[in-house]
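Descriptive structure summary
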Amino acid sequence: MPEFHPGNWVEDAVDWLQTHLGWLFDFINTVLTGLYDGINAVLGGGEPLLLAGIFAVIAFWLRGLAAGVIAFVGFVLIDTFQLWEEAMQTLSLVLAAAVITIVIAVPLGIWAARKKAVSAAVRPVLDVMQTMPAFVYLIPGVMFFSVGTTPGLLATIIFSMPPGVRMTELGIRQVDGELVEAAEAFGTSPKHTLTRVQFPLALPTIMAGVNQVIMLALSMVVIAGMAGAPGLGERVYAAVTQVQIGLGVESGVAVVILAMYLDRMTGALNVRVSPLGRRAAAKATAMMGRMRFARYQPGTAVALCGIVVLALVAGGMNFADSGSKDQASGSTNVGKGKQLNMGYIPWDEGIATSYLWKEVLEQRGFKPNLKQLDAGPLYTSIAQGETDFQTDAWLPTTHQQYWDKYGSKMEKLGSWYGPTSLELTVPSYVKGVESLEDLKGKGKKFDGKIIGIESSAGEMKILKEKVLKDYGLEGEYKVVSSSTSSMLSELKRSIQKKEPVVVTLWSPHWAYNAYDLTKLDDPKGSFGKGEKLYNVGRKGFAKDNPIVASWLKNFHLKEKQLTSLEDKIQGAAKGQEQKAVKDWLKEHPGFVNKMAPVPGGEKKEGKGAGKAVNMGYFPWDEAIATTYLWQNILEDRGYKPNVKQLDPGPLYTAMAQGEMDFQTDAWLPTTHEQYWRKYKDRLTDVGSWYGPTSLELSVPKYVKGVDSLADLKGKSDMFGGKITGIESSAGEMKILKKVLKDYGLDKEYKVVSSSTSSMLSEVDRSVKQKKPVVATTWSPHWVYSKYPMKKLDDPKGSWGKGDHIHVTAKKDFKKDFPELYGWLKDFHMSEEDLGSLEAAIQSGGKGKEKESARKWLDSHPGLEDKLAPVK
């Protein structure tokens, strides 16, 4: 039989829908998220005990005093588990999903009851919705809406819809046909027949359907925790993946309490709203005689008054407490309340570094939201821009499939650990076993067993298929597959009894900090090379958050630091990961400042604070960039810089006359040689900060086989026979004629004179279209930071030697500004730093040069103290 994969059609359909119906998904996302946020704002905004009191009053009103007391105790128990916020998030998800489901299901059920064709069409759809595995609904939800609230709500609505429709249809159909005929005989309209006869009599069945909708919604929102839906589902998922039995039990009990409360309340509500229910309840109360007080239920008005009073008190307490939360101090409040979304895979190093960054970002004034996800949903979320970054990308092997799929929509933010390693490990008290080779012949010592982890793990496959074979250990040792937690339990038990044991382990791992272990050397390299751990962010994260991106790029942890942090978290109470991080940071003073230095450091005034400094520049990219960079630095150091744009002639004249103090863009010994020769007796050469400069032709990096000027020969057809130039009066254009002649290109290529801006526009257009282009460029220039351009080598030296860029100043500059003179004399910038600064100013736009330079400076913590040190 030929292969048939309808799943491929579904994937194509999803891609098409994402492309053409993005507006619809945005609307759905807005509606669902808005409804959830509104409900959660109410449920999560008050004091837990007062809200528990409100739930108890509702139970008292619907079921009596005993139910009210039990409800209050149940919700208080949730609060003692420290799961109140998660419980309210889960309840909000259930209510939001139930409202939307009921609004759709009840009218659809009525329509199906009154129209056989509708019933026949709806039935198979409901069958599919009800029998499809619940996890499947999360896949399109994540694809269309990324991870979070919306996919969880959408999956919940679909999963809980069938009983609402079926029970409504059943209730309407079960109404006695004679009653309907009697109503019609008396002239009742179809509308009134439905609302006054059928619906009231069918209400018990419909309410039973509503009860089932709510219960199925609760079960689904727990599953939706896998897709990042907030609440108890997220905690249950974390407990399962991290084998946290205590957290799992507590979260499970909280779910049970919510389920019982919702089930009993919706059942009692049926009695309240149904005429038949009220009649049956009144009859049961009457039969109790003198004991009827036990079934006392307050009237609706009394219950409503109690709820309003408790709600007002809860709201007032929340308002009074709203300003009491700790905030970062002014000097470290870098984030100013900006929200960042973080995700992590439940692996030890991912948990440790994620909670570490959460704590540090909070100390720096950000508001990080942290969510646990599996690898697939996490990378999808990053690619869709819903999650800002994660810290546990294993490359180039373990997570390569996700990088291959989403690499164009993500960006690496630096490697912070590596290489990792796989290994076998024994306790250090096992003498004479320090290498895999040492295991041979010692099988009896270890009972012929190597304690492994999950059989599906890649390490287990390598161990069984390669390592044992390479070291001749097959037949002598049996690899016992278990789980990570079981392996660690066996390791702990053996160490407590001082028994020999061999276990599969890897680095980094907290076990090396908790126990005294020996990694067995692998001289044959059978386990293969290790990987590196990267921070990975969404596309554009570094541009939107340059300070945080710079912190992440400079972030590094040593194995001892990481394993001690992991061990601290392992030893903490479940759900107290961030508290464990705080304790670890107390043991490592100064670590936060090194990990996330405050931009500009502590504001320090220089010795020349208060002095006015006149700075001049001419509108060349590197002059604009360095002038506004120094303007920001000098203001931070207490100086009063004045900046003025001039052409080169007037600027050199102003410095010679002492009206300007300094400028940063003197090209010597060639370009500005005429000005230097004329005024050098009245100027000061402070020093060169960049060089040598260069003139060149460049092509995009995707143009293969063209790396030097000599490679251009015979390839004119590739570039349309033209070289895109700049202004015809530019010195570079004059030299270009000589260059082409030296390389035999003068008859093959035509140089198109234009302007610098036109040349850059042509580069921009060609790069976006992935077309070949040859452009006249020079270094330094921001074009190399913004576009993937490569300089063509000039083996014959036809372009000549480049200049150096100097800071030049008035004659008495060193005497008037000794401190500033020292800073400028030691000033240096790399081509990469200068290009990125120029690109940042270009992106900021005209009139925002100073602001753009400030943003760039802040994204390079420690640079200001290096350029302008204050003792």
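Nothing here was measured: the structure is a model prediction, and the numbers come from that model.

To continue, consider empty space enclosed by the protein. Throughout the structure, instances matching the rule amount to one cavity of 30 Å³ or more. Its volume calculated, the largest cavity comes out at about 40 Å³. Lining the largest cavity are Ile-102, Ala-105, Val-106, Gly-164, Thr-168, Ile-206, Gly-209, Val-210 and Val-213. Of all the secondary structure elements, the ones that give two or more residues to the lining of the largest cavity are α5 (84–114), α8 (149–174) and α10 (190–223).

This paragraph deals with the pairing of strand β18 (residues 775–779). A regular strand places its side chains so that they alternate between the two faces of the sheet. Of all five residues in β18, five are buried; the element is thus mostly enclosed. Going residue by residue along β18, you find Ala-775, Thr-777 and Ser-779 tucked away on one face and Thr-776 and Trp-778 tucked away on the opposite face as well. The pairing of strand β15 (residues 694–700) with β18 spans five bridges and is classified as antiparallel. Within β18, the residue paired with Leu-695 across the bridge is Trp-778.

Looking along the chain, the bond that leaves Leu-395 and enters Pro-396 is cis, with omega of 20 degrees. In this fold, Pro-396 is placed in the loop between β3 (389–395) and α17 (400–406). That bond from Gly-691 to Pro-692 is cis: its omega, -5 degrees, falls within 30 degrees of zero. As for its placement among the helices and strands, Pro-692 is situated in the loop between β14 (683–690) and β15. Backbone geometry at Gln-82 places phi at a positive 65 degrees, although glycine is not the residue there.

Turning our attention to a negative patch on the surface. A contiguous patch of negative charge, built from Asp-176, Glu-178, Glu-181 and Glu-184, is present on the exposed surface. Relative to the helices and strands, Glu-178 is located in helix α9 (residues 177–185).

Residue placement: Asn-211 occurs in helix α10. According to the relative accessible area criterion, Asn-211 is buried, its value standing at 10%. A distance of 2.5 Å separates a polar atom in the side chain of Asn-211 from a polar atom in the side chain of Thr-266. Beyond its immediate sequence surroundings of up to four residues, Asn-211 is in contact with Leu-262, Asp-263, Thr-266 and Gly-267.

Within the largest apolar cluster, 56 residues are counted, with the highest numbers of intra-cluster contacts made by Phe-55, Phe-75, Ile-78, Trp-84 and Met-88. Where this core is concerned, the elements lending two or more residues are α2 (22–43), α3 (48–63), α4 (65–80), α5, α6 (116–131), α8, α10 and α12 (245–273). Of the residues forming this core, the biggest block, twelve residues, is contributed by α5. Among residues more than four places away in sequence, those in contact with Trp-84 are Leu-43, Pro-48, Leu-51, Ala-52, Phe-55, Phe-75, Ile-78 and Asp-79.

Moving on, we get to the packing of aromatic side chains. A complete count under the given rule lists 23 aromatic pairs for this structure. When the centroid spacing of 5.2 Å and the interplanar angle of 75 degrees are considered together, the rings of Trp-357 and Phe-555 count as edge-to-face. Placement of Trp-357 in helix α15 (residues 348–363) and of Phe-555 in the loop between α22 (546–553) and α23 (559–571) is noted, with a sequence separation of 198 residues between them. What makes Trp-357 buried here is its relative accessible area of 0%. A relative accessible area of 2% places Phe-555 in the buried class. Ring centres 5.2 Å apart and planes at 25 degrees place the aromatic pair Trp-689 and Phe-827 in the stacked group. One end of the pair, Trp-689, is in strand β14; the other, Phe-827, is in the loop between α33 (818–825) and α34 (831–844), and 138 residues separate them in sequence. Of the residues examined, Trp-689 reaches a relative accessible area of 2% and is grouped as buried. Judged by its relative accessible area of 0%, Phe-827 is buried. An aromatic cluster of three or more residues is present, and its members are Phe-55, Phe-75, Trp-84 and Tyr-261. Stacked on the ring of Tyr-512, the Lys or Arg Lys-519 has its end atom at 4.9 Å from the ring centre.

This brings us to helix α26 (residues 621–636). Helix length check: α26 (16 residues) gives 23 Å between terminal C-alpha atoms against 22 Å at 1.5 Å per residue, within 8%. Residue Gly-638 follows α26 closely and has a positive phi angle near 95 degrees.

In this model, the protein carries a mean pLDDT of 85, and residues with pLDDT of at least 70 account for 87%. Note on residues 322–326: pLDDT under 50 across the span, and zero contacts to partners over four residues away in sequence or across chains.

Another point: the environment of Thr-80. As for its position among the elements, Thr-80 is in helix α4. Each C-alpha atom, one on Thr-80 and one on Glu-250, is 9.9 Å from the other, the two residues being 170 residues apart in sequence. A distance of 2.5 Å separates a polar atom in the side chain of Thr-80 from the backbone oxygen of Leu-77.

Turning our attention to α3. With 16 residues, α3 should reach 22 Å at 1.5 Å per residue; the first-to-last C-alpha distance of 22 Å fits that figure. Of the residues making up α3, those classed as buried are Pro-48, Leu-50, Leu-51, Ala-52, Gly-53, Ile-54, Phe-55, Ala-56, Ala-59, Trp-61 and Leu-62. Note on α3: the residue one or two positions beyond its end, Gly-64, has a positive phi of about 115 degrees.

Another point: the pairing of strand β12 (residues 640–645). Pairing analysis gives six bridges linking strand β11 (residues 612–617) to β12, with the strands arranged parallel. Pairing of Ala-612 across the sheet is with Lys-640, part of β12. Read as a crossover between parallel neighbours, the route from β11 over α26 to β12 is right-handed.

With that settled, the discussion passes to the pattern of salt bridges. Applying the stated criterion across every chain, the model contains 26 salt bridges. With its nearest N and O atoms 2.8 Å apart, the salt bridge here joins Lys-850 to Glu-635. Taken together, the residues Lys-850 in helix α35 (residues 849–858) and Glu-635 in helix α26 connect sequence positions 215 residues apart. Members of the salt-bridge network, linked through shared partners, are Asp-636, Arg-637, Arg-854, Asp-858, Glu-864 and Asp-865.

We now examine a positive patch on the surface. On the surface, Lys-338, Lys-543, Lys-786 and Lys-855 cluster together into a positively charged patch. Inspection of the secondary structure assignment puts Lys-855 in helix α35.

Taken together, the side chains of Leu-49, Leu-65, Val-69, Phe-72 and Val-73 define a hydrophobic patch exposed on the protein surface, amounting to about 440 Å² of accessible area. Tallying contributions element by element places α4 first for the nonpolar patch, with four residues.

In this structure, Asp-522 sits in the loop between β9 (517–519) and β10 (532–538). The class of Asp-522 is partly exposed, set by a relative accessible area of 22%. With sequence-adjacent residues up to four places away left out, Asp-522 is seen in contact with Leu-436, Tyr-471 and Phe-527. A distance of 2.9 Å separates a polar side-chain atom of Asp-522 from the backbone nitrogen of Ser-526. Among the polar contacts listed, one links the side chain of Asp-522 to the backbone nitrogen of Phe-527, at a separation of 2.9 Å.

With respect to the helices, strands and loops of the structure, Thr-808 is situated in strand β20 (residues 804–810). For Thr-808, a relative accessible area of 0% puts it in the buried group. The contact partners of Thr-808, leaving out residues within four places of it in the chain, are Tyr-652, Met-655, Phe-662, Gln-663, Ala-666, Trp-676 and Thr-684.

Now for the environment of Leu-709. Relative to the helices and strands, Leu-709 is located in the loop between β15 and β16 (722–724). For the pair Leu-709 and Leu-697, spaced twelve residues apart in the sequence, the C-alpha separation amounts to 7.7 Å. Each residue touching Leu-709, except ones within four places of it in the same chain, is listed here: Leu-697, Val-739, Tyr-743, Leu-745, Leu-792, Asp-793, Asp-794 and Trp-799.

Bringing the packing of α15 against α23 into the picture now. Packed helices, taken two at a time, are described by the angle between their axes plus the distance between the axes. Running from N to C, α15 and α23 cross one another at 90 degrees; their axes reach a closest spacing of 9 Å. The angle between α15 and α23 falls in the class roughly perpendicular. In this structure, α15 uses Asp-348, Glu-349, Ile-351, Ala-352, Thr-353 and Leu-356 to contact α23, whose residues at the interface are Leu-562, Leu-565, Glu-566, Ile-569 and Gln-570. Classifying every residue of the contact of α15 with α23 gives six nonpolar, two polar and three charged.

About the criteria used
- Residues numbered from 1 in each chain as written.
- Predicted model: local features only at pLDDT ≥ 70, side-chain atom pairs only at ≥ 80, totals over all residues.
- Heavy atoms only, no water.
- 1 Å grid on protein atoms, 1.4 Å probe; cavity = no way out; pocket = protein on both sides within 12 Å on 5 of 7 lines; lining within 4 Å.
- Points joined across faces, edges and corners; volume = space filled by probe spheres on them.
- Helix = DSSP H or I, 4+ residues; strand = E, 2+ residues; numbered from the N terminus.
- Buried < 20%, exposed > 50% of the residue type's maximum accessible area, 1.4 Å probe, protein only.
- Pairing = 2+ DSSP bridges.
- Patch = residues over 30% accessible without salt bridge, like charges linked within 9 Å, V, L, I, M, F, W, Y side chains within 5 Å.
- Areas by Shrake-Rupley, 256 points an atom, 1.4 Å probe, with all protein chains shown as cover.
- Salt bridge = Lys/Arg side-chain N within 4 Å of Asp/Glu carboxyl O.
- Lys, Arg positive; Asp, Glu negative; His and termini not counted.
- Charge placed at Lys NZ, Arg CZ, Asp CG, Glu CD.
- Polar contact = N/O pair within 3.5 Å; in protein donor to acceptor, adjacent residues only side chain to side chain.
- Contact = heavy atoms within 4.5 Å.
- Core = buried A, V, L, I, M, F, W, Y, C linked by side-chain atoms within 4.5 Å.
- Phe/Tyr/Trp six-rings, centres within 6.5 Å; stacked < 30°, edge-to-face > 60°.
- Lys NZ or Arg CZ within 6 Å of the ring centre and 35° of its normal.
- Expected span 1.5 Å × (residues − 1).
- pLDDT = per-residue confidence, 0-100.
- Right-handed = clockwise from strand over helix to strand, strands pointing away.
- Axes fitted to C-alpha atoms, helices over the stretch in contact; angles between N-to-C directions.
- Parallel < 35°, antiparallel > 145°, perpendicular 65-115°, else oblique.
- Nonpolar A, V, L, I, M, F, W, Y, C, P; charged D, E, K, R; others polar.

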